[in-house]
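The lines below spell out each chain.
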Amino acid sequence: MTSGKTRAYHHGDLRRALIEEGFRAARTGGPDAVTLREVTRAVGVSPNAAYRHFADRGELVRAAAAQAQLALAQAISDRLETASAGLSAHDASVERLRLLGLGYIDFARRERGWFELAFTVHDQTPSDAIVTLDDEVVEPFRLLLDALDAMVAAGALAPERRPHAEWACWSAVHGFADIAVHGPLQWQPPAVVDALAGAVVDAAIEGVRGAPSPATPPESRPTGAGEVKSIGRI
């Protein structure tokens, strides 16, 4: 729901003002808060004025969702800036994918309304890119594609394992984010969710790169596996 305040609109780009208000309303209210009536009231114009720019509520939600996707992409990019310095190209590419996944999950937990809005709508026609909005690959998905391609270039991901690797990564990370926001993990202490998020991201990366031999002793496995087991006993 909107805050109830009306911001008088005078002159300028009404379409942009309506999109920004819809985006603002979704931050606390999610997609359901993006309505023509509430958004126009908050901006200070009549509902009829919105129809000069949007055929219906769906078009407004679509435009606001594009802003949410950009916000998610920016949050991921900010997380990527925290990458360790001095790593080899191989290790840096792996860390980049890990930070990308953790940044995605962090955004979902921190900005629940925008996370829900970001993927409310998408193009409904088949395409090679698949995850598109207005015939363009959405920016968070593009960051994932670029990270995986960089791993191949750095020798951290075998070329034969690259096809469709984005789906394994996205399914794991988005699924966990959804559980953390809407499922039973939403009531767990942040430290527990942080540890589980790291374990899930590590497992996803391990999966796309190629799982270790079943004979690998427990002490040689990534830290994430042990963390999940210990947290499960809390």
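Quick notes on the rules
- Sequence order as written defines the numbering, with residues in each chain counted from 1.
- With pLDDT at 70 or above as the cut-off, local features in this predicted model cover only qualifying residues; side-chain atom pairs require 80 or more to be listed or tallied, and sums for whole chains, interfaces and linings still use all residues.
- For the side-chain quantities, the full set of heavy atoms in the structure was used; hydrogens and water were omitted.
- What counts as a helix is a DSSP run of H or I of at least four residues, what counts as a strand is a run of E of at least two, and both are numbered from the N terminus.
- Contacts are residue-level and defined by heavy atoms, with any inter-residue pair within 4.5 Å sufficient.
- Per-residue and other accessible areas follow the Shrake-Rupley method at a 1.4 Å probe size, with only the shown protein chains counted as cover for residues.
- In this scheme, a helix's expected span is set at 1.5 Å multiplied by one less than its residue total.
- Burial classes follow relative accessibility: with a 1.4 Å probe on protein chains only, a residue under 20% of its type's maximum area counts as buried, one over 50% as exposed, and anything between as partly exposed.
- Centre distance within 6.5 Å is the pairing criterion for rings of Phe, Tyr and Trp, where only the six-membered ring of Trp is used; planes under 30 degrees apart are then read as stacked, over 60 as edge-to-face, and the remainder as tilted.
- To qualify as a nonpolar core, a set must consist of buried Ala, Val, Leu, Ile, Met, Phe, Trp, Tyr and Cys residues joined through side-chain atoms within 4.5 Å.
- What pLDDT expresses is the predictor's confidence in each residue, scored from 0 to 100.
- Axes, fitted as lines to C-alpha atoms, cover a helix only where it is in contact. Angles between the N-to-C directions of the axes lie from 0 to 180 degrees.
- Here the word oblique covers every angle except those under 35 degrees (roughly parallel), over 145 (roughly antiparallel) and from 65 to 115 (roughly perpendicular).
- Crossings are sorted by hand: turned counterclockwise from the far helix by less than a right angle, the near helix makes the crossing left-handed, and turned clockwise it makes it right-handed.
- Side-chain classes follow a simple rule in which Ala, Val, Leu, Ile, Met, Phe, Trp, Tyr, Cys and Pro form the nonpolar group, Asp, Glu, Lys and Arg form the charged group, and the remainder, Gly included, forms the polar group.
- Two N or O atoms count as a polar contact when they lie within 3.5 Å, although within protein this holds only if one can serve as hydrogen donor and the other as acceptor, and sequence-adjacent residues are included solely when both atoms are side-chain atoms.
- The salt bridge criterion pairs a side-chain nitrogen of Lys or Arg with a carboxyl oxygen of Asp or Glu, the two atoms within 4 Å.

Enquirer: Would you mind going over the overall build of the chain with me for this structure?
Expert: Counting its secondary structure elements, the chain contains ten helices and two strands. In the chain, the succession of helices and strands from N to C terminus is α-α-α-α-α-α-β-β-α-α-α-α. Partitioning the contacts of the chain with sequence separation of at least 6, the portion at a separation of at least 24 is 68%. A total accessible area of about 12,600 Å² is found for the chain, and carbon and sulfur atoms account for 54% of it.

Enquirer: How should helix 7 (residues 139-153) be read in this particular structure?
Expert: Helix length check: helix 7 (15 residues) gives 21 Å between terminal C-alpha atoms against 21 Å at 1.5 Å per residue, within 8%. For helix 7, the full list of buried residues reads Pro-140, Phe-141, Leu-143, Leu-144, Leu-145, Ala-147, Leu-148 and Met-151. On its buried face, helix 7 is in contact with helix 4 (57-80), helix 5 (89-110), strand 2 (136-137), helix 8 (165-182) and helix 9 (190-209).

Enquirer: Hey, could you run me through the packing of aromatic side chains in this one?
Expert: Given two aromatic rings, their pairing is described by the distance between the two centres and the angle made by the two planes. Per the stated rule, a full pass over the model turns up seven aromatic pairs. Seen from their ring centres, Tyr-104 and Phe-115 are 5.8 Å apart, and the 85 degrees between their planes marks the pair as edge-to-face. With a gap of eleven residues between them, Tyr-104 in helix 5 and Phe-115 in helix 6 (residues 112-118) connect regions that are remote in the sequence. With respect to burial, Tyr-104 and Phe-115 carry one shared label: buried. Arranged with centres 5.3 Å apart and planes meeting at 55 degrees, the rings of Phe-141 and Trp-170 form a pair that is tilted. Note that Phe-141 is positioned in helix 7 and Trp-170 in helix 8, a separation of 29 residues in sequence. Using a relative accessible area of 17% as the deciding quantity, one classes Trp-170 as buried. The rings of Tyr-104, Phe-115, Phe-119, Phe-141, Trp-167 and Trp-170 are connected pair by pair, giving a single aromatic cluster.

Enquirer: Any chance you could explain unusual backbone geometry here in plain terms?
Expert: Phi is positive for His-164, close to 70 degrees, though the residue is something other than glycine. Mapped onto the elements of the fold, His-164 is located in the loop between helix 7 and helix 8.

Enquirer: What is the right way to look at the nonpolar core in this model?
Expert: Inside soluble globular proteins, nonpolar side chains tend to come together where they are buried. With 67 residues, the main nonpolar core has Leu-18, Leu-97, Tyr-104, Leu-144, Leu-148 and Phe-176 as its most contacted residues. Residue contributions to this core peak at twelve residues, all from helix 4. With residues near it in sequence (within four places) discarded, Tyr-104 still touches Leu-72, Ile-76, Phe-115, Phe-119, Trp-170, Val-173, His-174 and Ala-177.

Enquirer: Whenever I open this one, the confidence of the model for the chain confuses me. Can you help?
Expert: Reading predicted coordinates in detail is not appropriate for stretches of low pLDDT. On average, residues of the chain score 85 in pLDDT, and 79% of them reach the 70 mark or higher. When pLDDT is averaged over each helix and strand of the chain, the minimum, 46, is found for helix 10 (residues 223-232) and the maximum, 97, for helix 5. Note that pLDDT drops below 50 for residues 213-234; the model gives that stretch twelve contacts with residues more than four away or on any other chain.

Enquirer: So what exactly am I meant to see when it comes to the packing of helix 5 against helix 7 here?
Expert: How two helices sit against one another is set out by the angle between their axes and by the gap between those axes. The interhelical angle for the contact between helix 5 and helix 7, taken along N-to-C directions, is 160 degrees, at an axis separation of 8 Å. Taken together, the axis directions place helix 5 and helix 7 in an arrangement best described as roughly antiparallel. The hand of the helix 5/helix 7 crossing is left-handed. Between helix 5 and helix 7, the residues in contact are Ser-93, Val-94, Leu-97 and Leu-100 and Leu-143, Leu-144, Ala-147, Leu-148, Ala-150 and Met-151, respectively. Looking at the contact of helix 5 with helix 7 residue by residue, the class counts come to nine nonpolar, one polar and no charged.

Enquirer: It is not clear to me how the packing of helix 1 (residues 14-29) against helix 4 should be interpreted in this structure. Could you clarify?
Expert: Put simply, helix 1 and helix 4 touch, their axes get as near as 9 Å, and they point 65 degrees apart. What the angle tells us is that helix 1 and helix 4 run roughly perpendicular. Where helix 1 crosses over helix 4, the handedness of that crossing is right-handed. Contact residues: helix 1 offers Arg-15, Arg-16, Leu-18, Ile-19, Gly-22 and Phe-23, while helix 4 offers Leu-60, Ala-63, Ala-64, Gln-67, Ala-68 and Ala-71.

Enquirer: Before we go on, may I ask you to explain helix 4 in this structure?
Expert: Owing to its 3.6 residues per turn, the α-helix brings residues three or four apart onto one side. Spanning 24 residues, helix 4 covers 35 Å between terminal C-alpha atoms, matching the ideal 34 Å at 1.5 Å per step. Capping of helix 4 at its N-terminal end is provided by Asp-56; its side-chain oxygen lies 3.1 Å from the backbone amide nitrogen of Gly-58.

Enquirer: Which parts of the structure should I look at to understand the pattern of salt bridges?
Expert: Between side chains of opposite charge, a pair can form when the charged atoms approach closely. Counting across every chain of the model gives ten salt bridges. Where Arg-79 meets Asp-106, a salt bridge forms, and the shortest distance between an N and an O atom there is 2.2 Å. With Arg-79 in helix 4 and Asp-106 in helix 5, this pair connects stretches of sequence that are 27 residues apart. On the basis of relative accessibility, which here comes to 25%, the residue Asp-106 falls in the partly exposed class. Asp-194 is the salt-bridge partner of Arg-109, the closest N and O atoms lying 2.7 Å from each other. One end of the pair, Arg-109, is in helix 5; the other, Asp-194, is in helix 9, and 85 residues separate them in sequence.

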